[in-house]
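# Overview (structure and organization)
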Amino acid sequence: MLYAAVVATSLVTPAWAKDRGAVTNLPLPRYVSMKASEGNVRRGPSLTHRIDWVFKRRGMPLEITAEFGHWRRVRDQDGAGGWVHYALLSGVRTVLIQEDMMTLHAQPNDKAPVTAALEYGVVARLGDCAPTWCEVSAGGFSGWAPKAKLWGVMPEEIRD
């Protein structure tokens, strides 16, 4: 019976997730986004810890690497991070564009028609992901982008 529970758990855990959060039992690491337009990043998981800096970009993708009570240890694309209160985070998935004037395509294929071009650093909403492409939208435009040119999605992650 225990074997069946272990097998069932492994079927729902994404292949890229190595661990589970002690509080939420969600995969670690995982990506979320900033719900608030401003969020204090603390040295430790409580209000008594010093604020090291402030994230000031609503929708910015962040990687959760640990959990403690109502706190999540996060990092941004540059590896900067710390502890943020969970109320400042959202499960809405976003990505950062990692190439200047990166083209979006109508289909997940380099030969498909181009639908738009996005500048480096644009925050885009993440949609479906195939093995090497993800559908994204920003500024009223949408299309498929190479996964390798996005920060905020695991290389092995599939979304539909």
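Residues numbered from 1 in each chain as written. Predicted model: local features only at pLDDT ≥ 70, side-chain atom pairs only at ≥ 80, totals over all residues. Heavy atoms only, no water.

If you tally the helices and strands in the protein, you get 1 helix and 16 strands. Within the protein, buried positions represent 40% of all 160 residues. Pairs at least 24 apart in sequence give 52% of the contacts found in the protein among residues at least 6 apart. Element-wise, carbon and sulfur atoms account for 56% of the exposed surface of the protein, whose accessible area totals about 9,000 Å². (Helix = DSSP H or I, 4+ residues; strand = E, 2+ residues; numbered from the N terminus. Buried < 20%, exposed > 50% of the residue type's maximum accessible area, 1.4 Å probe, protein only. Contact = heavy atoms within 4.5 Å. Areas by Shrake-Rupley, 256 points an atom, 1.4 Å probe, with all protein chains shown as cover.)

This part covers the state of the cysteines. Simply put, disulfide is the name for a covalent bond between the sulfur atoms of two cysteines. What the rule picks out here adds up to 1 disulfide. Here Cys129 engages in a disulfide with Cys134; their sulfurs sit 2.1 Å apart. With the S-S bond torsion at 110 degrees, the cross-link from Cys129 to Cys134 turns out right-handed. The residues Cys129 and Cys134 share a single accessibility class, namely buried. (Disulfide = S-S within 2.5 Å.)

Attention now moves to the nonpolar core. Among the nonpolar cores identified, the biggest contains 15 residues, and Val95, Leu104, Leu126, Val136, Leu150 and Val153 are the most heavily contacted of them. Secondary-structure elements contributing two or more residues to this core are β10 (94-97), β11 (102-105), β12 (114-118), β13 (123-129) and β14 (133-138). In terms of nonpolar packing, the next biggest core, distinct from the first, is built from 12 residues, Leu28, Phe55, Ile64 and Val84 among them. (Core = buried A, V, L, I, M, F, W, Y, C linked by side-chain atoms within 4.5 Å.)

Right, let's talk about the packing of aromatic side chains for a bit. Applying the stated rule across the entire model yields 1 aromatic pair. Judged by centre distance (5.2 Å) and plane angle (85 degrees), the ring pair of Tyr31 and Trp151 falls under edge-to-face. Highlighted residues: Tyr31 in strand β3 (residues 30-34) and Trp151 in strand β16 (residues 150-151), separated in sequence by 120 residues. Summarising the burial analysis for this pair, Tyr31 and Trp151 share the class buried. (Phe/Tyr/Trp six-rings, centres within 6.5 Å; stacked < 30°, edge-to-face > 60°.)

The next thing to look at is the environment of Lys147. On the secondary structure map, Lys147 appears in the loop between β15 (141-146) and β16. The exposure class assigned to Lys147 is buried, which follows from its relative accessible area of 6%. Each residue touching Lys147, except ones within four places of it in the same chain, is listed here: Cys129, Ala130, Pro131, Thr132, Trp133, Cys134, Val153, Met154, Pro155, Glu156 and Glu157.

All chains considered together, the criterion is met by 7 salt bridges. Among the ionic pairs, Glu67 bridges to Arg30, the shortest N-O distance being 2.9 Å. With Glu67 in strand β6 (residues 61-68) and Arg30 in strand β3, this pair connects stretches of sequence that are 37 residues apart. We classify Arg30 as buried; its relative accessible area is 10%. Between Arg75 and Glu63 there is a salt bridge, with the nearest N and O atoms lying 2.5 Å from each other. Pair noted here: Arg75 is in strand β7 (residues 71-75) and Glu63 is in strand β6, with a separation of 12 residues, a long-range link. Judged by its relative accessible area of 28%, Arg75 falls in the partly exposed class. One continuous salt-bridge network, built from bridges that share partners, spans Arg43, Arg50 and Asp52. (Salt bridge = Lys/Arg side-chain N within 4 Å of Asp/Glu carboxyl O.)

Among the secondary structure elements, His105 is positioned in strand β11. A relative accessible area of 6% means that His105 is categorised as buried.

On their own, these measurements won't tell you what the molecule is for.
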